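# Observations on the three-dimensional arrangement
The residues making up each chain are set out below.
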Amino acid sequence: GERYNPRESEPKWQKIWDERQSFVTANDDPREPYYVLEMFPYPSGRIHMGHVRNYAMGDVVARYHRAKGKNVLHPMGWDAFGLPAENAAIERKTHPGTWTYSNIEAMKKQLKSMGLSIDWTREIATCSPDYYRHQQAMFIDMLEAGLVTRKSSKVNWDPVDMTVLANEQVIDGKGWRSGAPVEQRELTQWFFKISNFAEDLLEALDGLTEWPEKVRTMQRNWIGRSEGLRLLFELVPSENTETASIEVFTTRPDTIFGASFVGLSPDHPLTTELAEANSALAAFVAECHSHGTATETLEKAEKQGFNTGLRVKHPVIEGETLPVYVANFILMDYGTGAIFGCPAHDQRDLDLARKYGLSVKPVVLPAGEDPASFVVGTEAYTDAGTIFNSGFLDGLSIDEAKRQIADYFAVRAVDNRSQGKVEVNYRLRDWGISRQRYWGCPIPVIHCEVCGTIPVPKKDLPVVLPEDVSFDKPGNALDHHPTWKHVNCPQCGAPARRETDTMDTFVDSSWYFARFTAPQAETPTIPGVANRWLPVDQYIGGVEHAILHLLYSRFFTRAMKATGHVGMDEPFKGLFTQGMVTHETYKGEDGAWVPPTDVVLESTGDARTARHISTGAPIQIGSVEKMSKSKKNVVDPDEIVGSYGADTARWFMLSDSPPERDVQWTEAGVEGASRFQQRVWRLVHDVVALGEGSGDSADALAVRRATHRAADGVARDIEGLRFNRAVAQIYELTNALAKARDAGAADISSAMREGVRTLIQLISPMMPHLAETCWQVLGETGLVADAPWPEVDPALLVDDEVTMPIQINGKRRAEIAVAKGMVPAEVEGRVMALDAVQKALEGRTPKKIVVVPDRIVNIVV
Ligand code: ANZ
Ligand code: ZN
């Protein structure tokens, strides 16, 4: 018969959903709210398969909860500020906004072709003044609430692009775009005081039970709580400084007997003081600054030290002194910017000690080692053990030694202060949000020589980006603009200067989920509305955002609470991180990557070979990798949607692997999905042809059981985000229905009708277009998108059932499927109600009915 044609039906349904505003959500709808959100895309120009996977999953969740009677919020927007738009502007001589908005238009069209159940009336773009004006208002609120500061800090500076780089943009010590070696620069920058919330952000992770454990662990590590001791080392008096002591931060005071040096950061005030009179030290510090600040860079860099010549008294070994080094691996903005080094038990310290010939004295003995012969070679021993070589700490465990040594120093004084003080430190730094960039949200402050730095009055918001900008010079186009920054001070009227830094684009994405709840409001949020929708019930996105984006959003939600914009601490109740989309890679004879569209695959026996589609030249099949432009192993969603339809692409994305794992895109897989679509189509037509009819035969019951079991299982699997298992259950039901159809069993037409009707409902979250078309074929009124989720009859879910043959006068006439262990009286009742039995009895009344439980029914007439 006729084949299902997705190219015809998909645009048709998309138009109908649009016209009927099927997915527009009202804030005052009385039904239970459910908010599902996928991480919004960056408008790079085209959607990729990763988007397709992400949005297909979100759409299943949205459509399912709609069917379950909830008021579902499922919005979409654009993370539209950022560097690529400026780069495009430079390359193509267009305005970043022109480039961005034309990308948005193209991608919106692509997303619409996927048939997503999105409320497009709530669409937002973070580059629109309608959005960023509220971000500026909240910046001012946060400034007033003491959650924003301006301070000088070290940044990664790209000397060619003339911009600050985030640590992630520094690759092997070089700028990710320019490739120029990154330098350190001291810049005055704006910061959000995320560290105020360090403890809360850490502790609240325990309550995020619907987050993947691995994401919570990553956040914990990023926040990096450590309990330690601030410890004073008394300086041996020297003519080079007046300073009397050095304060270090240590998490291992138990190793104090193994200390062999004190280390200072190149940016430590004492280093700076000494460098003034010591040009060799000054040169060393300058050398340290010529590398980036990324922790990774620091960790990879060779450990370097500079002996200052100063010495400190060993705090526990009478009469001993230790040298003071400046070392390149010590950060100024952690702890106190100074350490004591115990080379035997810290790798960085050991590297330094080996290089400069400092002593390496082990003080922690691993279990089973002989104290007389235990030595540390090139690898520091950082595990558990018993303290030795350590006077009064000998024999203690590490933890017990930590306690005792803390007590010991607490009551001692150096420099008129307690020598040791227990302290908790967090690795989490304040969030530097200043970017010297045009295409971002302007920071709404004005610098006045008289009044200082003052916020732009809220009535003057938004501070809008100027349209007439030029990117002829490297650096910040806002700063180069001839007039934009020159304003009068709103306080005293004197000529003043606008801040030309714009906000890190992570700020834009830290509250968009809240804006979606009232995207046209005159205030950032309408708190009553936001509180109804938030936290997001289910957030779905890539694991690459597991740290920064999620942490910033968690911080921002707390800041919005503190400034009265929302009422909760946490933005995302449920979090799901999906795996990547991968594809085989192909290489031509010249070693160049070949795109899958140019490859013809062949298999002979077990061997798979490939050749070029036009030249026929042999092609080497490489490993399976994440789809990426650089390896050319990408498949364009537009082409897939164009040839197979959106439903097929969605179905394949959901079916092939557990959603948290990578999924490998294959031609065979897509074709399988496409064939399944046609199978469903045929099945629906065949069942419609069966006509209406009643039937309660065992066959009918088996069909009904399969149907209800699938409806129940698919619901559970969607709720648990096990989409591939939901798909497997749908396959099972389809097989069961097809088998029943092929067996041509009598009297199953009504069960079959219920079966396919349910089947269509179950597939509708995944293949919504096919589902609508089939729904129509089935003669149902309205849209399947508006139909409630099928009711499940719990009686039909009973798992262990038995099929009992029914004999009449010793001859097998029928059979019945019943729950195992059903009592004879009940079995008898059901048997007598069977059409087949009544027919065989021809109006006679049985003399005797014998039920052998779970085995057989004998009727004697
Ligand atoms: C002595 C010691 C002995 C240390 C030992 C470690 C092992 P976490 O746990 O990450 O907080 N440290 C302190 N401040 C530092 C800074 N500003 N830059 C670089 N390193 C710094 O790390 C704390 C440990 O890192 C501290 O404990 C200190 O070295 C070092 F066997 O003190 B330890
Ligand atoms: Zn002023």
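See the structure printed just above.
Residues numbered from 1 in each chain as written. Chains lettered and ligands numbered in written order. Predicted model: local features only at pLDDT ≥ 70, side-chain atom pairs only at ≥ 80, totals over all residues. Heavy atoms only, no water.

We now examine the coordination of the zinc ion (ligand 2). For the zinc ion (ligand 2), every protein donor is listed as Cys-448 (SG), Cys-451 (SG), Cys-489 (SG) and Cys-492 (SG), and the spread of their distances is 2.2 to 2.4 Å. Around the zinc ion (ligand 2) sit four donor atoms; with metal-centred angles ranging over 105 to 116°, the donor geometry is tetrahedral. Positions of the donor residues of the zinc ion (ligand 2) along the chain correspond to the pattern C-x2-C-x37-C-x2-C. Of the two residues, Cys-448 sits in strand E23 (residues 445-448) while Cys-489 sits in the loop between strand E25 (486-488) and strand E26 (495-498), which places them 41 residues apart along the sequence. Per residue, the accessibility class of Cys-448 equals that of Cys-489, and both read buried. (Donors = N, O, S within 2.8 Å, 3.2 Å for Na, K, Ca; no water. Tetrahedral: all angles 85-135°; square planar, octahedral: opposite > 155°, others 65-115°. Helix = DSSP H or I, 4+ residues; strand = E, 2+ residues; numbered from the N terminus. Buried < 20%, exposed > 50% of the residue type's maximum accessible area, 1.4 Å probe, protein only.)

Moving on, we come to the pairing of strand E35 (residues 801-808). Looking at chain direction, E35 and strand E36 (residues 811-819) are connected through eight bridges and run antiparallel. Bridge pairing links Thr-803 to Ala-817 in E36. Adjacent in sequence and paired antiparallel, E35 and E36 are bridged by two residues, among which Asn-809 carries a positive phi angle near 50°. Where E35 meets strand E38 (residues 856-860), three bridges bridge the pair, whose relative direction is parallel. Residue pairing across strands places Ile-806 opposite Val-857, the latter belonging to E38. (Pairing = 2+ DSSP bridges.)

Within the structure, ligand 1 sits among 17 residues, and Ser-226, Thr-250, Leu-331, Tyr-334 and Arg-427 are positioned closest to it. A distance of 3.0 Å is found between an oxygen atom of ligand 1 and a backbone nitrogen or oxygen belonging to Thr-251. Here an oxygen atom of ligand 1 and a side-chain polar atom of Tyr-334 are 2.5 Å apart. For ligand 1, whose accessible area on its own is 640 Å², the fraction buried by protein is 88%. Of all the elements in the fold, those that place two or more residues in the shell around ligand 1 are strand E11 (245-250) and strand E15 (338-341). Here the shell around ligand 1 is built from residues that sort into eight nonpolar, five polar and four charged. (Near = heavy atom within 4 Å. Polar contact = N/O pair within 3.5 Å; in protein donor to acceptor, adjacent residues only side chain to side chain. Areas by Shrake-Rupley, 256 points an atom, 1.4 Å probe, with all protein chains shown as cover. Nonpolar A, V, L, I, M, F, W, Y, C, P; charged D, E, K, R; others polar.)

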